[in-house]
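# Understanding the architecture of this molecule
Chain residues, written in single-letter form:
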Amino acid sequence: MKRRERTRQLIELGGLVAKAGLVELTDDDRAVILGLLVEAAAKLRTDETGTQLILWRRRGQRAFADTEDKD
């Protein structure tokens, strides 16, 4: 059961990468996509973690809302 949950989580996370447009913007270059994610993780390790999470959460919520409006 845990394996199925993990697989679902990975599929959903991949969907977020696609929804953000990273696949097209990077020409499906996985090293670039990983680099972007590593950079984001490094930013979250700084003293500005809380502020950064708030900003990214708002941006993500707007992106979800924009997607719902288009559907």
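A short tour of the structure in this document, coming up. Remember, it's a predicted structure, so these values are computed and weren't measured experimentally.

## Things to note about the overall build of the protein
The number of helices and strands found in the protein is four helices and zero strands. In sequence order, the secondary structure elements of the protein are arranged as α-α-α-α. Over its C-alpha trace the protein gives a radius of gyration of 14 Å, far above what one expects of a compact globule, namely 11 Å for 71 residues. Across its three principal directions, the C-alpha atoms of the protein cover 35 × 30 × 30 Å. Split by element, the accessible area of the protein, about 6,500 Å² in all, is 55% carbon and sulfur. In the protein, 14 positive and 13 negative side-chain charges are present, and the distance between their average locations comes to 7 Å.

## Re the side chain of glutamine 52
Position of glutamine 52 relative to the elements: it lies in helix α4 (residues 49-70). Classification of glutamine 52 as buried rests on a relative accessible area of 10%. Not counting residues up to four positions away in its chain, the partners in contact with glutamine 52 are Lys43 and Leu44.

Thresholds, definitions, all that
Sequence positions are assigned chain by chain, starting from 1 and proceeding in written order. A pLDDT threshold of at least 70 governs which residues receive local features in this predicted model, and a stricter bar of 80 or more applies before side-chain atom pairs are shown or counted, although totals over entire chains, interfaces and linings include all residues. To obtain the side-chain values, all non-hydrogen atoms of the structure were included, while hydrogens and water were left out. Going along the chain from the N terminus, every DSSP run of H or I of four or more residues is numbered as a helix, and every run of E of two or more is numbered as a strand. Computation of the radius of gyration draws on C-alpha atoms, with the globule rule given as 2.2 Å multiplied by the number of residues to the power 0.38. In short, Shrake-Rupley with a 1.4 Å probe defines the accessible areas, and a residue's cover is counted only from the protein chains shown. Only four residue types enter the charge count, namely Lys and Arg as positive and Asp and Glu as negative; His and the chain termini do not. To locate a charge, the coordinates of NZ of Lys, CZ of Arg, CG of Asp or CD of Glu are taken. Partly exposed residues are those whose accessible area sits between 20% and 50% of the maximum for their type, while under 20% is buried and over 50% is exposed, using a 1.4 Å probe and protein chains only. Any two residues having at least one pair of non-hydrogen atoms within 4.5 Å are treated as being in contact.

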